[in-house]
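Residue-level structure breakdown
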Amino acid sequence: MRVLGVDPGLTRCGVGVVEGTAGRPLTMLGVGVVRTPADAETPERLVGIEAGIEAWLDEFRPELVAVERVFSQHNVRTVMGTAQASAVAMLCAARRGIPVALHTPSEVKAAVTGSGRADKAQVGAMVTRLLRLDAPPKPADAADALALAICHIWRAPAQNRLQQAVAQNRLQQAAARAAGRQQDQHAPGAQRAQGPYAPKGRTR
């Protein structure tokens, strides 16, 4: 599986591509940051982020895009910028028919370090170790993007099994409802009510 991880942000949007499967060594194919000038208007910055992500999609052809799920922060302006950049990443993927997965920061930290409260230095150190890199990717946004890709590759099998179990359960429930309706239709009382001697309404 080849996954493009995106750590959304207006000023720095981390991107990283990881290839591999759960339980086997992973390989980093590329890592970087899509930057936009802080003094530019938001629409122009979003266009720049779109162009940057499109370039990564063209070059690496990922099978899936993993994006950090936006969570509440005290700084509303930061949340808005992160959400806007996240939406651009999802739009770029959806336009090409590439599936998108969202992971919270705590999910990513727990998957990569074993602790949902790990700091950025710990995440960078584990990403370096897992991908057998010479040094942690800089800036931290780039390391976070790789961590997102790693998180999805490791979590995907469990998520697939869960989705299959949910789908199977829904099919079983639908079959049980259908069987129940058939039994009601063939019940003796139902047959009598539908036969030629079924009671008729009163006439005056």
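Residues numbered from 1 in each chain as written. Predicted model: local features only at pLDDT ≥ 70, side-chain atom pairs only at ≥ 80, totals over all residues. Heavy atoms only, no water.

**A look at the side chain of Glu54**
In this structure, Glu54 sits in helix α1 (residues 42-60). Given the relative accessible area of 15%, Glu54 is considered buried. When residues no more than four places from it in sequence are discounted, the contact partners of Glu54 are Cys92, Arg95 and Arg96. (Helix = DSSP H or I, 4+ residues; strand = E, 2+ residues; numbered from the N terminus. Buried < 20%, exposed > 50% of the residue type's maximum accessible area, 1.4 Å probe, protein only. Contact = heavy atoms within 4.5 Å.)

**Describing the packing of aromatic side chains**
Scanning the model with the defined rule gives one aromatic pair in all. Seen from their ring centres, Trp56 and Phe60 are 5.2 Å apart, and the 25° between their planes marks the pair as stacked. Taken together, the residues Trp56 and Phe60, both in helix α1 and four residues apart, mark about one turn of the helix. Pair check on accessibility: Trp56 and Phe60 agree, each one buried. (Phe/Tyr/Trp six-rings, centres within 6.5 Å; stacked < 30°, edge-to-face > 60°.)

**Observations regarding the environment of Thr42**
In this fold, Thr42 is placed in helix α1. Taking C-alpha positions, Thr42 is 9.2 Å from Gln84, a pair spaced 42 residues apart along the chain.

**Some words on the environment of Met126**
Looking at the element boundaries, Met126 is found in helix α4 (residues 120-130). The exposure class of Met126 is partly exposed, given its relative accessible area of 22%. Excluding residues within four positions of it along the chain, Met126 makes contact with Val112 and Thr113.

Keep in mind these numbers describe shape, not what the thing actually does.
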